[in-house]
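# Results of the structural survey
Residue strings, one per chain:
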Amino acid sequence: LQLVESGGVLVQAWGSLRLSCAASGCTFSRYRMGWFRQASGKEREFVATINWSGSSTYYADFVKGRFIISKDNTKNAVYLQMNSLKLEDTAVYYCAHGWVGAGTRESDFSSWGQGTQVTVSS
């Protein structure tokens, strides 16, 4: 299983950005996908997760109403639409693949991408 994130760039505060995660080498159904992030000097934290059908999503409180997670099983891809970006959203964003009942813990996810850097400037 390989996960490759893309889309991270430098963006101004209050701007929007969409991250993509392409998965290969796996059956994309019956699993849960997630996005995590890690700011410099901080621990990695949960951002959002989505089930295999896309019918169930869950977000960290600090992104609710601003970020949207989605997936396209025909393309084996997961997306993170990020709106109203804040300075504190600056981080490396990671895509992760987990078991069907995965929650918000890193240990629920067994495969990880290399990350993509998002930098929000004022």
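Just so it is clear, the structure is predicted and the values come from calculations on it, not from any experiment.

Analysis parameters
- Every residue gets a number counted from 1 within its own chain, in the order that chain's sequence is written.
- For a predicted model such as this one, the threshold for reporting local features is a pLDDT of at least 70, and the threshold for listing and counting side-chain atom pairs is 80 or more; totals across whole chains, interfaces and linings nevertheless cover every residue.
- Think of the side-chain values as coming from all heavy atoms in the structure, minus any hydrogens and water.
- Going along the chain from the N terminus, every DSSP run of H or I of four or more residues is numbered as a helix, and every run of E of two or more is numbered as a strand.
- Each residue is placed in one exposure class: buried if its accessible area under a 1.4 Å probe, protein chains only, is under 20% of its type's maximum, exposed if it is over 50%, and partly exposed if it falls in between.
- Contact definition: two residues touch when any of their heavy atoms are within 4.5 Å.
- Here the Shrake-Rupley method, with its probe set to 1.4 Å, supplies the accessible areas, and only the displayed protein chains count as covering residues.
- The charged-residue count follows a simple rule in which Lys and Arg add positive charge and Asp and Glu add negative charge, with His and chain termini not counted at all.
- A charged residue contributes its charge at one atom only: NZ of Lys, CZ of Arg, CG of Asp or CD of Glu.
- Any two cysteine sulfur atoms lying within 2.5 Å of each other are counted as a disulfide.
- Two strands make a pair as long as DSSP finds a minimum of two bridges between them.
- All axes here are fitted lines through C-alpha atoms, helices being fitted over the stretch that makes contact, and every angle between N-to-C directions spans 0 to 180 degrees.
- Confidence of the predictor at the level of single residues is given by pLDDT, which spans 0 to 100.

## With respect to the overall build of the protein
Looking only at helices and strands, one finds zero helices and 11 strands in the protein. Counted from the first residue to the last, the protein has its helices and strands arranged as β-β-β-β-β-β-β-β-β-β-β. Counting the 122 residues in the protein, one finds 43% classified as buried. A sequence separation of at least 24 residues applies to 57% of the contacts in the protein between residues at least 6 apart. Carbon and sulfur atoms form 48% of the exposed surface of the protein, whose accessible area is close to 6,200 Å². Here the protein contributes 12 positive and 9 negative side-chain charges, whose respective centroids are spaced 6 Å apart.

## Some details on the state of the cysteines
Across all of its chains, the model carries one disulfide by this definition. Shown here is the disulfide that connects Cys21 with Cys95, its sulfur atoms set 2.1 Å apart. The chirality of the disulfide connecting Cys21 with Cys95 is left-handed, given an S-S dihedral of about -75 degrees. Here Cys21, found in strand β3 (residues 17-24), pairs with Cys95, found in strand β9 (residues 91-98); they are 74 residues apart in sequence, far enough to count as distant. Cys21 sits in the buried class, given a relative accessible area of 1%.

## Section: the sheet that holds strand β8 (residues 77-82)
By definition, the strands of a sheet pair up through backbone hydrogen bonds, in either a parallel or an antiparallel sense. As summarised here, the arrangement of the four strands in space is β1-β3-β8-β7, forming an open sheet in which the pairing is antiparallel. Two strands close off the open sheet at either side, each with one partner strand: β1 (2-6) and β7 (67-72). Strand-to-strand twist of the sheet, defined as the mean angle between neighbouring strand axes without regard to direction, takes the value 15 degrees. Sheet analysis places β1 next to β3, joined by five bridges and oriented antiparallel. By the bridge assignment, Leu3 is partnered in β3 with Ala23.

## What to know about the pairing of β9
In terms of burial, β9 is a largely internal element, seven of the eight residues being buried. Note: strand β4 (residues 32-38) against β9, seven bridges, orientation antiparallel. What sits directly across from Arg32, in β9, is Gly98. The pairing of β9 with strand β11 (residues 116-121) spans three bridges and is antiparallel. When the bridges of β11 are listed, Tyr93 appears paired with Thr116. When β9 meets strand β10 (residues 109-112), the two strands line up antiparallel, connected through three bridges. Pairing of His97 across the sheet is with Ser111, part of β10.

## As for the confidence of the model for the protein
Confidence along the protein averages 94 in pLDDT terms, with 97% of residues attaining 70 or more. Confidence scores differ between elements of the protein, with β10 showing the lowest mean pLDDT of 94 and β11 the highest of 98.

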